[in-house]
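So you can see what is in the structure, the chains are spelled out below.
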Amino acid sequence: MSDALCSRRQKQVVLSESVDLDCVIVEILSRLPAKSLLRFRCVCKAWRALISDPYFIRKHLSCINTKISTSYSLLIRDEIFQSTEYEAILKFLSHDGRVPCRRLDFPVLDRLVIIKRILIVGSCNGLICLILDYHHFLMEESFTFMLWNPCTGEYRVLPKPPVHSSRECFFGFGYDSTTDDYKVILGSYLSGYEYVVVFMLKRGSWRKIERLNRYFGVRRVGCLVNETLHWVLKEEEDGRLITSRIVSFDLAEEKFHEIPFPHPPNPNGFLIAEVGNPCNCLTLVFQTVYSDVEGTLKMWVMKEYGVKESWTEIVNISPEVMDEDENIPLEFMYDGEPYTYMACISDNGEILMQLEPIGALALYNPREKKYRTVMDYPDYMYETVPYIETLVSPLTGSTGATV
Amino acid sequence: MSTSTDNNASITQESGPSAAVQDIQKKIVVRTADGEVFNLKEEVAMEIDIIKTFFQEDSISYETVMPLPNVEGWEMVKVIEYCTKHVELKHKVDGYKERKAFQALFVQNLSTKSLLALTNTANYLEVKYLLDFLCQAVSEQIKNKDVDYVRELFGVENDFNDEEYEQVKAEAPWAHENLNNDLH
């Protein structure tokens, strides 16, 4: 902020004389939510310059990240992308109609984008990573990745990865503080064709990771905890998932490791498992199904990262759990595929979960063992991704290092 | 054993931290811009870095009245109030709720403009924790305000022409919607 015009103007202010008036304004602004900052870009040219400055954006991000309770927004995708505040969902009562949502303008690209084909890979520091053309079939080409900040609207379509994509692919997105860089991971465990490639935002290109310690078959999208990506290992027998391990990939080290489940699943049943990070802790959901009868769904949180003994069961939902109107029982399966997605866990322990086949978003209260639907779109399946509103640019990352 | 106790007693008398025991509180005197004079307890005065530096680094006698030409009397009152509470809570194990209640009351009757003036004063006086708290308080009060309000508050002139303004606004039109503009 070296605008001489601004300094002169500031001295005209009728406030206590202070050498560091600029510094006070910076301190105040860096504590504002992103929406306020986007609006205050219109105050004057100097403020616009400050709010767009990469170092300020980084300072703003660190203010958000050091807050005790971050207020999350939720990215909801069905036919369109929408955003809502997690706080609004918690306060929502079913007789209020609908949870207030803001419709997001998805970037206009020079290609046809079918929203239903979009796969959300992850969210980190306000950036959402997506695949625009996800499909299940082996194709000649590779997937197209995009980074998007739904708050500022900035986006960046990444160059195509230098590999073929396939059904045996897995992905992840995160931030590595050791290099102050954002990384997108694309891997394949197709036998004889294993690879892991990583896109580094500052460099702007993909790189194949050589000499990996090993390759794993894992479930599609990784979740980010402690700058490490996690997936449930895909160990199958007769088409049934029998795993008892989580695979982790450290973004700094770029190596795979394993984290065991709290206990091996019952071998008689058919396991459904997923990892998440609703409270910035590694969370595991699994449910064992016996002969098409749903078993109990359990949710575990690893209170101390990496310590197997710290796995703590926080939720234990039996299939008879009903909604608060005692009408619809909870169901967690959809065509044999796991579909429980835990978006957030609030301070009072309520868990925002996505259910199928109802297709609804519900808040489950583990103490009362009841849930209430907060968003119900019976026609479409949709995804919910928590994110924080920041000004981080997908073009440059946190700092101003231009590619 | 008894010798060391005696030594301790004499050391205590010379350095003064338990001067309270002897019922003589060391005071530091400051004069604000409007001529008001304040007697601060030493432990409170030392929370204010600009005062601490003045007296300690330059070994100036406590008899000197330190001038604070950039500080108004009412601001000094508030700063002393906050620092006194801060010192008091330092010795408490679980002062969280009390601190929160105090903070809410502290800002209650201050207009946003006064709050901003006080923030600048806290910055000038170099009281970091008070500055942090006040910056947060100001940001809470302005976060839902519109552009005109903020310009007026900070005394900033609009140097965009209409076209430029519309251009910047169009970058994020949603940020200008759904505000609550309660008059403050």
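Parameters and conventions
Residues numbered from 1 in each chain as written. Chains lettered and ligands numbered in written order. Predicted model: local features only at pLDDT ≥ 70, side-chain atom pairs only at ≥ 80, totals over all residues. Heavy atoms only, no water. Helix = DSSP H or I, 4+ residues; strand = E, 2+ residues; numbered from the N terminus. Areas by Shrake-Rupley, 256 points an atom, 1.4 Å probe, with all protein chains shown as cover. Contact = heavy atoms within 4.5 Å. Buried area = accessible area lost by both parts, 1.4 Å probe. Salt bridge = Lys/Arg side-chain N within 4 Å of Asp/Glu carboxyl O. Polar contact = N/O pair within 3.5 Å; in protein donor to acceptor, adjacent residues only side chain to side chain. pLDDT = per-residue confidence, 0-100. Disulfide = S-S within 2.5 Å. Pairing = 2+ DSSP bridges. Axes fitted to C-alpha atoms, helices over the stretch in contact; angles between N-to-C directions. Expected span 1.5 Å × (residues − 1). Buried < 20%, exposed > 50% of the residue type's maximum accessible area, 1.4 Å probe, protein only. Arc of directions from axis to C-beta.

1. Some thoughts on the overall build of chain B
Here is step 1 of the chain: When its secondary structure is counted, chain B shows nine helices and three strands.
Here is step 2 of the chain: The helix and strand sequence of chain B, counted from the amino end, reads α-β-β-α-α-β-α-α-α-α-α-α.
Here is step 3 of the chain: When the accessible surface of chain B is split by element, carbon and sulfur atoms take 50% of a total near 10,700 Å².

2. Comments concerning the interface of chain B and chain A
Here is step 1 of the chain: At the junction of the two partners, chain B supplies 41 residues and chain A supplies 35 residues.
Here is step 2 of the chain: Both faces considered, chain B and chain A share a buried interface measuring about 3,400 Å² in area, 63% of it formed by carbon and sulfur atoms.
Here is step 3 of the chain: The largest share of the area that chain B buries against chain A comes from Asn120, Asp159 and Trp174 of chain B, three residues that together contribute 20% of it.
Here is step 4 of the chain: Summed over the shared surface of chain B and chain A, the number is four salt bridges.
Here is step 5 of the chain: Here glutamate 171 of chain B and arginine 41 of chain A are joined by a salt bridge, their closest N and O atoms 3.0 Å apart.
Here is step 6 of the chain: Between the two partners, chain B and chain A, sit twelve residue pairs in polar contact (both at pLDDT 80 or more).

3. Here's the deal with the confidence of the model for chain A
Residue and element names in this part refer to chain A.
Here is step 1 of the chain: In this model, chain A carries a mean pLDDT of 76, and residues with pLDDT of at least 70 account for 71%.
Here is step 2 of the chain: Counting interchain partners and residues more than four positions distant, the pLDDT-below-50 stretch residues 1-21 has 33 contacts.
Here is step 3 of the chain: Below pLDDT 50 for its whole length, residues 333-339 participates in 24 contacts with residues either more than four positions away or in separate chains.

4. Describing the state of the cysteines
Here is step 1 of the chain: This model, assessed by the stated rule, comprises zero disulfides over all chains.
Here is step 2 of the chain: The closest cysteine sulfur to the non-disulfide-bonded cysteine 42 of chain A is located on cysteine 44 of chain A, 11 Å from its own sulfur.

5. Points about the sheet that holds strand S10 (residues 195-200) of chain A
Residues and elements named next belong to chain A.
Here is step 1 of the chain: As summarised here, the arrangement of the four strands in space is S8-S9-S10-S11, forming an open sheet in which the pairing is antiparallel. At either end of the open sheet lies a strand with only one pairing partner, and these are strand S8 (169-176) and strand S11 (205-208). Here the average twist between neighbouring strands, direction ignored, is 20°.
Here is step 2 of the chain: The pairing of S8 with strand S9 (residues 181-188) spans eight bridges and is antiparallel. In the sheet register, glycine 174 faces S9, and the bridge partner there is lysine 183.

6. Concerning helix H5 (residues 54-65) of chain A
Residue and element names in this part refer to chain A.
Here is step 1 of the chain: With twelve residues, H5 ought to run about 16 Å at 1.5 Å a step, and its terminal C-alpha atoms sit 16 Å apart, in line with that.
Here is step 2 of the chain: Looking only at H5, the buried set comprises Phe56, Ile57, His60, Leu61 and Ile64. Looking straight down H5, one finds that the buried residues subtend no more than 140° of arc, so they occupy a single side.
Here is step 3 of the chain: For H5, the N-terminal cap is aspartate 53; the gap from its side-chain oxygen to the backbone nitrogen of tyrosine 55 is 2.8 Å.

7. Topic: the pattern of salt bridges
Here is step 1 of the chain: The final tally for this structure, using the stated rule, is 22 salt bridges over all chains.
Here is step 2 of the chain: Arginine 31 of chain A serves as the salt-bridge partner of aspartate 132 of chain B, at 3.1 Å between the closest nitrogen and oxygen. In this pair, aspartate 132 of chain B sits in helix H7 (residues 128-142) while arginine 31 of chain A sits in the loop between helix H2 (21-29) and helix H3 (34-40), so the two residues belong to two different chains.
Here is step 3 of the chain: Since its relative accessible area comes to 14%, arginine 31 of chain A is described here as buried.
Here is step 4 of the chain: For the salt bridge of glutamate 164 of chain B with lysine 45 of chain A, the shortest nitrogen-to-oxygen distance reads 3.8 Å. Placement of the pair is glutamate 164 of chain B in helix H9 (residues 162-170) and lysine 45 of chain A in helix H4 (residues 45-52), with the two residues belonging to separate chains.
Here is step 5 of the chain: Residue classification places glutamate 164 of chain B among the partly exposed residues on the basis of a relative accessible area of 26%.

8. Some details on the sheet that holds strand S1 (residues 73-77) of chain A
All names here are of chain A.
Here is step 1 of the chain: Read from one edge of the open sheet, four strands run S3-S2-S1-S28, paired in antiparallel fashion. Edge positions in the sheet fall to strand S3 (102-103) and strand S28 (383-387), since each has one partner strand and no second.
Here is step 2 of the chain: Sheet analysis places S1 next to S28, joined by five bridges and oriented antiparallel. From the neighbouring strand, leucine 75 faces S28, where its bridge partner is valine 385.

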